[in-house]
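A look at the structure
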Amino acid sequence: MSTGEPFTWPVRVYWEDTDAGGIVFYANYLKFFERARTEWLRHLGVAQQKLRDEVGGMFVVSATQVQYHRPARLDDLLLVTARIEEAGRASLTIRQQALLKPQQEDQDSTLLCEGSIRVGWVDAQTLRPQRIPAAVLAVLAPSAA
């Protein structure tokens, strides 16, 4: 179990991320979460395309639960986190947050959105559930909350 900080990935809000009201469209937080999860795996040495090609499996999102607290706006710099909340034999639940990066170092980040994303491991050809390879779980284990 990890006692350290969760993995954090910076995401800048662009025009394409906002709605007519000038705030981040709610579904785009899922895109931000996806980017952070992908970069977190890459940071751990788990290249998803390589897993698919060499191991024949891949992660797929099976469930999401998201709660919105405050809006993000154009040009905001977000800090998007990822940390394993629960690890099973065939799925992971990943806790994620989107935080507004503070303007000054002595300020706290503002929580904008948080959620739990459940991903399952499937055979890349059949899309049937399988156990997550032991080698992958071993790499991810230190990231568990």
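Conventions and cut-offs
- Residues numbered from 1 in each chain as written.
- Predicted model: local features only at pLDDT ≥ 70, side-chain atom pairs only at ≥ 80, totals over all residues.
- Heavy atoms only, no water.
- Salt bridge = Lys/Arg side-chain N within 4 Å of Asp/Glu carboxyl O.
- Helix = DSSP H or I, 4+ residues; strand = E, 2+ residues; numbered from the N terminus.
- Buried < 20%, exposed > 50% of the residue type's maximum accessible area, 1.4 Å probe, protein only.
- Pairing = 2+ DSSP bridges.
- Axes fitted to C-alpha atoms, helices over the stretch in contact; angles between N-to-C directions.
- Contact = heavy atoms within 4.5 Å.

Observations concerning the pattern of salt bridges
Taken as a whole and assessed by the stated rule, the structure comprises three salt bridges. The closest approach of N and O atoms between Glu114 and Arg95, which form a salt bridge, is 2.8 Å. One end of the pair, Glu114, is in strand S5 (residues 110-123); the other, Arg95, is in strand S4 (residues 91-100), with 19 residues separating them in the sequence. Classification of Arg95 as partly exposed rests on a relative accessible area of 27%.

Quick look at the sheet that holds strand S2 (residues 57-68)
Read across the open sheet, the five strands follow the order S1-S3-S4-S5-S2; overall the sheet is antiparallel. The sheet is open, and its two borders are formed by strand S1 (7-12) and S2, each paired with just one other strand. Put simply, the sheet's adjacent strands are angled 25° from each other on average, direction ignored. Pairing of strand S3 (residues 77-87) with S4, which is carried by nine bridges, proceeds in the antiparallel orientation. Following the sheet pairing, Ala82 is matched in S4 by Gln96. Where helix H1 (residues 28-43) meets the sheet, it contacts S1, S2, S3, S4 and S5, and its direction lies at approximately 60° from that of S5. Helix H2 (residues 48-55) rests against S2 and S5 of the sheet, and its axis sits at about 145° to S2.

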